[in-house]
Amino acid sequence: MPQLFTITLVLLACIPASLCRVTSVGELSVLEGRSVTAPCHYDPQYAGYVKYWCQGRMREFCTSLARTDTPGSPLEERVSIFDDPVQQVFTVTMKDLKEGDSGWYWCGVEIGGIWSADVTASVHISVIHGMSVVNSRVSGEEGNSVTVECLYSERYRASEKRWCRSGDWSSCLVTGSDGSYEDATVAINDDRTGAFTITLKEMRMRDTGWYWCAAGQQQMSVHVLVTPQPSTTAVSLITSPPTPSQSVVYLPPPKHIAQESWDTHRHIMESVVVCASLVVFVGMVILARKMWSQHRLPGGRR
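This text gives an overview of the structure that appears in the document. These figures come from a predicted structure and were not determined experimentally.

In spatial order, the strands read 10-12-17-16-15; together these five strands make up an open sheet with antiparallel pairing. Of all the strands in the sheet, the pair left with one neighbour each is strand 10 (131-133) and strand 15 (180-182). When the angles between neighbouring strand axes are averaged without regard to direction, this sheet yields 15°. Pairing geometry for strand 15 and strand 16 (residues 186-190), over three bridges, is antiparallel. Within the sheet, the bridge partner assigned to Ser180 lies in strand 16 and is Asn189.

Below you can see the structure in the form of structure tokens.
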């Protein structure tokens, strides 16, 4: 009986580890000298547990870098951890990364207990040196401006930055000692913290093409597309007198019919009706008289 009880405890301890889990992004790449944030998602039952972030190839022997139950650790300036129980995710941010920071990391939920293992997920971070661009294709309307942002690793902070049209080395624009360059059409600004921007001003259609931004010997290509401004159709109203070629017909307004005119017409119509009635009456009298006369002629008497 005691053996059955022990086996049951072992099986129950294994259930959370197999059915409940923590997930993350798996792999991240970041330029040297910049920051990276790794999200670690966990199941709802772990909302009240301690979360941690550690470094090492094996989770059993990883070195703890940050924990939610010990804020203000010496490493907090470079590594910070934040837990959001509502969203069921905790995030870890590492700043100012060096190439030596490349390797395996673990985001974990501390379960505790002799029979329960922590629930973890591995993340591999690669710290590289070189360049990248935020957007390798940008576009804007003719006459407007567009900005390209180029990122570089720490070792290129002191290097001059360049903006060139692809295939034409003579077109390269180079920053000065203050990290900037500007003329009527292009402005370059290096913040010396890992990024520099190129602003193309008042672009023309001929500015469409391939370019590249460079820091030291590193370079990244960028395609710029200039689109024409949308055409607008102006609608004007004719306020000037018509020209001879324009045919305009003016119709007079309808005349007002006064009450007096209607009365006159009525009297005329009444007169016509009376006269017509008299003519008909006279004609009927004449016709009757004539018929009577014919009746009294000889041969027609009675």
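Turning to a nonpolar patch on the surface, a few remarks are in order. Nonpolar side chains collect at one region of the surface, where Phe281, Val282, Val285 and Ile286 lie side by side and expose about 380 Å² of accessible area between them. Examined against the element boundaries, Ile286 turns out to sit in helix 2 (residues 259-295). Residue class for Ile286 comes out exposed when judged on its relative accessible area of 53%.

Quick look at the pairing of strand 14 (residues 168-174) now. Regular strands place side chains that alternate from one sheet face to the opposite one. Across three bridges, strand 13 (residues 161-165) lies against strand 14 in antiparallel orientation. Across the sheet, residue Arg165 finds its bridge partner in strand 14, namely Asp168. With antiparallel pairing between neighbouring strands as the criterion, strand 13 and strand 14 make up a hairpin whose turn holds two residues, including Gly167 at a positive phi of roughly 85°.

We now examine the pattern of salt bridges. Per the counting criterion, the structure on display carries 13 salt bridges. In this structure, Arg155 engages Glu32 in a salt bridge whose closest nitrogen and oxygen atoms are separated by 3.5 Å. Residue Arg155 is located in the loop between strand 12 (146-152) and strand 13, and its partner Glu32 is located in the loop between strand 2 (27-31) and strand 3 (36-42); the two are separated by 123 residues in the primary sequence. On the basis of relative accessible area, Glu32 is assigned to the buried category, the value being 9%. A salt bridge links Asp83 to Lys51, with the nearest nitrogen and oxygen atoms 3.0 Å apart. Pair noted here: Asp83 is in strand 6 (residues 79-84) and Lys51 is in strand 4 (residues 50-55), with a separation of 32 residues, a long-range link.

Strand order in the open sheet made by the five strands is 2-9-8-4-5, with mixed pairing throughout. With one partner strand each, in any of the chains shown, strand 2 and strand 5 (63-67) form the two edges of the open sheet. Within the sheet, the average angular offset between the axes of one strand and its neighbour, ignoring direction, is 30°. Where strand 8 (residues 103-110) lies against strand 9 (residues 119-128), seven bridges are found, and the strand directions are antiparallel. From the neighbouring strand, Trp106 faces strand 9, where its bridge partner is Ser122.

Rules and cut-offs
Residues numbered from 1 in each chain as written. Predicted model: local features only at pLDDT ≥ 70, side-chain atom pairs only at ≥ 80, totals over all residues. Heavy atoms only, no water. Pairing = 2+ DSSP bridges. Helix = DSSP H or I, 4+ residues; strand = E, 2+ residues; numbered from the N terminus. Axes fitted to C-alpha atoms, helices over the stretch in contact; angles between N-to-C directions. Patch = residues over 30% accessible without salt bridge, like charges linked within 9 Å, V, L, I, M, F, W, Y side chains within 5 Å. Areas by Shrake-Rupley, 256 points an atom, 1.4 Å probe, with all protein chains shown as cover. Salt bridge = Lys/Arg side-chain N within 4 Å of Asp/Glu carboxyl O. Buried < 20%, exposed > 50% of the residue type's maximum accessible area, 1.4 Å probe, protein only.

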